[in-house]
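Residue-level listing of the chains:
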Amino acid sequence: MKYVIDTNVLRKMLDHLPHKGLVFKTVWDNIERNILNETVVSVDECMNEMKKHFSKDSDNSKWIDDHKYMFLYPTNDESITISKIFKNKKMQESIHQKNILLNRPSADVYIAAKAKTLEATVVTSEEYKPNSAQLPNICEMIGVKCISYDDFMAIITEYEYE
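The following paragraphs examine the structure supplied in this document. Small disclaimer: the values here were computed from a predicted structure and weren't measured.

**Observations concerning the packing of aromatic side chains**
- Summed over the entire model, instances satisfying the criterion amount to two aromatic pairs.
- Their ring planes at 65° and their centres at 5.5 Å tell us that Tyr3 and Phe152 sit as a pair that is edge-to-face. You can see Tyr3 sitting in strand β1 (residues 3-5) and its partner Phe152 sitting in helix α9 (residues 149-158), a full 149 residues away along the chain. Both residues of the pair, Tyr3 and Phe152, belong to the buried class.
- Look at Trp28 and Trp63: their rings are 5.9 Å apart centre to centre, the planes differ by 65°, and that puts the pair in the edge-to-face class. Taken as a pair, Trp28 in helix α2 (residues 22-36) and Trp63 in helix α4 (residues 59-66) lie far apart in primary sequence, 35 residues in all. Each member of the pair Trp28 and Trp63 is classed as buried.
- Lys12 extends its terminal NZ or CZ atom over the ring of Tyr149, reaching a point 4.6 Å from the ring centre.

Here you go:
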């Protein structure tokens, strides 16, 4: 199984999951191994969001720079999926007007489209809300499985998969 990771999950891991200690080192080793074998990926818009969140000289910013290869650019197929998502007026709300005006990245549709193309599962801390344009709603609309941060951490710590 492949996983496409949302910005909020990456931030949570980087901010709250120490790289020291046997248990945490094991978790990070599993995460790193799955990033290297492309089982765990994200999208370039997530990298852009995270670069705006972390200071340039922080350890987290260095981690992002060291893992640029995991942040994938959209393909032509994904661009077509994104255009289909945005034909739905409700899903247009996934990009907040404030983000447009301030030229802020907005990764949700890119994450969902990447997962659709890769037949992957989305990992996000966002929750499904009826009549919303949240990432889980976008995933539901295009038939992509979506799991929580906690579910992902259970998978990453319990299994060593390829």
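**Details of the side chain of Asn30**
- Its location among the elements puts Asn30 in helix α2.
- There is a polar contact of 2.4 Å between the side chain of Asn30 and the side chain of Arg33.
- Engagement of the side chain of Asn30 in a polar contact is seen with the backbone oxygen of Ile156, the distance being 2.8 Å.

**Details of unusual backbone geometry**
- Unusually for a residue other than glycine, Glu38 sits at a positive phi of about 65°.
- Examined against the element boundaries, Glu38 turns out to sit in the loop between α2 and β2 (40-43).
- One non-glycine residue, Glu119, lies in the positive phi region at around 55°.
- Secondary-structure assignment places Glu119 in the loop between α7 (108-118) and β4 (121-124).

**Focus: the environment of His67**
- Examined against the element boundaries, His67 turns out to sit in the loop between α4 and β3 (71-72).
- Judged by relative accessible area, His67 falls into the buried class, the value being 7%.
- When the C-alpha positions of His67 and Glu32 are compared, they lie 9.3 Å apart, and in sequence the two are 35 residues distant.
- Setting aside residues up to four positions removed in sequence, His67 forms contacts with Glu32 and Ile35.
- Within polar-contact distance, the side chain of His67 engages the backbone oxygen of Trp63 at 2.7 Å.

Cut-offs applied
- Residues numbered from 1 in each chain as written.
- Predicted model: local features only at pLDDT ≥ 70, side-chain atom pairs only at ≥ 80, totals over all residues.
- Heavy atoms only, no water.
- Phe/Tyr/Trp six-rings, centres within 6.5 Å; stacked < 30°, edge-to-face > 60°.
- Helix = DSSP H or I, 4+ residues; strand = E, 2+ residues; numbered from the N terminus.
- Buried < 20%, exposed > 50% of the residue type's maximum accessible area, 1.4 Å probe, protein only.
- Lys NZ or Arg CZ within 6 Å of the ring centre and 35° of its normal.
- Polar contact = N/O pair within 3.5 Å; in protein donor to acceptor, adjacent residues only side chain to side chain.
- Contact = heavy atoms within 4.5 Å.

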